[in-house]
Amino acid sequence: MGLLGRFSEGLQRSRERFKEQMNVLLDRGPDLDGEFWDGLEEALILADIGGVLASDLVSDLRDTATRRALPDAYAVLDLLKERIADSFSEPRPEVFDEGHSVVLFVGINGAGKTTTCGKIAKQARDAGRTVVLGSADTFRAAAIEQLEVWAARAGVEICARERGADPASVCYDTIERAEALGADLVLIDTAGRLHTSADLMRELGKVASVVRKRAAAPVHTVLVIDATTGQNGLSQAREFHAALDLDGVIVTKLDGTAKGGIALSVSHSLGLPVLKLGVGESLDDLKPFDAREYADALIGSFDERSA
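Computed from a predicted structure; not experimentally measured.

K.L.:
Quick question: what am I supposed to make of the sheet that holds strand β8 (residues 286-288) here?
P.N.:
Two modes of strand pairing occur in sheets, parallel and antiparallel, and in both the strands are linked by backbone hydrogen bonds. On the basis of which strands lie adjacent, the open sheet formed by eight strands has the order β3-β2-β4-β1-β5-β6-β7-β8 and mixed pairing. For this open sheet the edge positions go to β3 (157-159) and β8, each flanked by a neighbour on one side alone. The mean angle between the axes of side-by-side strands here comes to 25 degrees, regardless of whether they run parallel or antiparallel. Across the face of the sheet, helix α7 (residues 143-154) comes into contact with β2 (131-136), β3 and β4 (185-190) while running at roughly 170 degrees to β2. Together, β1 (101-106), β4 and β5 (219-226) form the strand contacts of helix α9 (residues 198-214), whose direction differs from that of β1 by roughly 175 degrees.

What follows is the structure, given as C-alpha cells:
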C-alpha cells in the first residue's frame, strides 16, 4: 500500500464521519444555501477542527464560491481540501532528518511518546543513522523496559538508570554517550506530565534547560498528542508550548478516532508544524506529514455518483 493509501486507511473513521454528515446535506441537493453552509461548519467542528477555524474556513469558502461563481456543493468540497492543506503552519526542516540533533519527546501519559520514540529510532537506524535513545521517563512502570525493547529492535544504544532516578541526569548521560559514539541523532523519552500541573511543567522545563545547555547539537522539543483526546489535545499543546517553546507536534492514534481534524486545529492555532502522523500500530504507520495528503485522506472525494 502506498503512502496515500496508508494515510487514507488510517483516517478512515474521521473521513467516514465527515462524509456521513455531508451526505445528509447532499441527498437533498447540491445547492449552496444557508443549510449547506451551516451543515458544513457543523461537520468540520465535529471532526475537531475547532469552532473558530471551522467558521473561518466556511466564511472563506462562501466568499470564494460567490466570487468564482462555483456551481454547487461538490465544487466547494473540492476547494475545501485545498483550504485545509493551506491552513497548516508552514513546514520547517524535518527535525529528524537534520544533521546532528537532540530531540526531546514530551506529552501526557498515554499519548504514545515511548512507542513513537522507538519507531523513529528504528526508522533512522534503518536509514543508516547512528542513534542513541535516552530513557528519561524514570517514573512510569515498565517505561524503561519498553524503550529497551525498541532499542534492541532498532539495534541502537540506550542510556537508562534505575526507576526513580533524576531525569535530567539521564539526559546528561545520554548526550555524553552520544558524543562519545559520534551519534548524529539523540532521542529522549520523557515522563508524562499533566499539562494542568504548574509544578510538573516547571520540572519538565528544568529537564529541557539541562539538555539545551549540555548539548552541542541543536535541541528540538516535540509534543506527542493522542488524537482521541480531541480538543483537549489543543489545550495540552497550548500549555506545553508556553512552557517549552515547542518545535513541532506528532499526532498519534488517528486510526482510532473520528476526530482527525485535531492535527489541523493544533497546527493552525499555535503555528506549529505537524512532523509525523500515527495512523496505526505498525512501524510503517508512523508517517511523515504531508498537508495535501492529509486533507485528501480526511475529506475524501464527493461527486454526484458517490453521493
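From this point, the discussion proceeds with the structure in view.
K.L.:
Got a minute to help me understand the layout of surface pockets in this structure?
P.N.:
A probe matching the size of a water molecule, rolled over the atoms, marks out where space remains unfilled. The computed volume of the largest pocket comes to approximately 230 Å³. Lining the largest pocket are 14 residues; nearest its centre among them are Ser89, Glu90, Pro91, Val274 and Phe289. Secondary-structure elements contributing two or more residues to the lining of the largest pocket are α5 (73-87) and β7 (274-278). Split into classes, the residues belonging to the lining of the largest pocket amount to eight nonpolar, one polar and five charged.

K.L.:
Can you help me understand unusual backbone geometry in this one?
P.N.:
In most cases, non-glycine residues show a negative phi, while peptide bonds are predominantly trans. Positive phi values are uncommon outside glycine, yet Asp48 reaches one of about 65 degrees. Mapped onto the elements, Asp48 comes out in the loop between α3 (34-46) and α4 (51-68).

K.L.:
I tried to follow the pairing of β7 on my own but got confused; where do I start?
P.N.:
Remark: a regular strand shows side chains that alternate across the two faces of the sheet. When you tally the buried positions in β7, you get five out of five residues, the bulk of the element. Alignment of strand β6 (residues 248-252) against β7, held across three bridges, turns out to be parallel. Counterpart to Val249 in the pairing with β7 is Val274. In terms of handedness, the path from β6 via helix α11 (residues 262-270) over to β7 forms a crossover that is right-handed. Two elements, β7 and β8, share three bridges in a ladder whose sense is antiparallel. Residue pairing for β8: Gly278 is matched across the bridge by Leu286.

K.L.:
Looking at this structure, how should I read the packing of aromatic side chains?
P.N.:
To describe a pair of aromatic rings, one takes the distance between the centres and the angle between the planes. Enumeration according to the criterion identifies six aromatic pairs in this entry. Ring plane angle 70 degrees and centroid distance 5.0 Å describe the contact between Phe36 and Trp37, whose orientation is recorded as edge-to-face. For the pair Phe36 and Trp37, a shared accessibility class is recorded, and that class is buried. The lysine or arginine in question, Lys19, covers the ring of Phe302, its NZ or CZ lying 5.0 Å from the ring centre.

K.L.:
I tried to follow the confidence of the model for the chain on my own but got confused; where do I start?
P.N.:
Atom-level detail of predicted coordinates should not be read off regions where pLDDT is low. In this model, the chain carries a mean pLDDT of 89, and residues with pLDDT of at least 70 account for 95%. Per-element averaging of pLDDT across the chain places helix α1 (residues 3-10) at the bottom with 68 and β3 at the top with 96.

K.L.:
Explain the pairing of β5 to me, please; I cannot follow it from the model alone.
P.N.:
Of all eight residues making up β5, eight are buried, and the element is well covered by its neighbours. The alternating pattern of β5 places Val219, Thr221, Leu223 and Ile225 and His220, Val222, Val224 and Asp226 on opposite faces, both of which are buried. Summarising the sheet, β1 and β5 pair through five bridges and their orientation is parallel. Across the sheet, the residue bridging to Phe105 is Val222, located in β5.

K.L.:
What should I look at first to understand empty space enclosed by the protein in this one?
P.N.:
Scanning the model with the defined rule gives one cavity of 30 Å³ or more in all. There is about 30 Å³ of room inside the largest cavity. Forming the boundary of the largest cavity are Ala136, Pro167, Thr190, Ala191, Arg193, Leu204 and Val207. The residue inventory of the lining of the largest cavity, partitioned by class, reads five nonpolar, one polar and one charged.

What counts and what doesn't
- Residues numbered from 1 in each chain as written.
- Predicted model: local features only at pLDDT ≥ 70, side-chain atom pairs only at ≥ 80, totals over all residues.
- Heavy atoms only, no water.
- Pairing = 2+ DSSP bridges.
- Helix = DSSP H or I, 4+ residues; strand = E, 2+ residues; numbered from the N terminus.
- Axes fitted to C-alpha atoms, helices over the stretch in contact; angles between N-to-C directions.
- Contact = heavy atoms within 4.5 Å.
- 1 Å grid on protein atoms, 1.4 Å probe; cavity = no way out; pocket = protein on both sides within 12 Å on 5 of 7 lines; lining within 4 Å.
- Points joined across faces, edges and corners; volume = space filled by probe spheres on them.
- Nonpolar A, V, L, I, M, F, W, Y, C, P; charged D, E, K, R; others polar.
- Buried < 20%, exposed > 50% of the residue type's maximum accessible area, 1.4 Å probe, protein only.
- Right-handed = clockwise from strand over helix to strand, strands pointing away.
- Phe/Tyr/Trp six-rings, centres within 6.5 Å; stacked < 30°, edge-to-face > 60°.
- Lys NZ or Arg CZ within 6 Å of the ring centre and 35° of its normal.
- pLDDT = per-residue confidence, 0-100.

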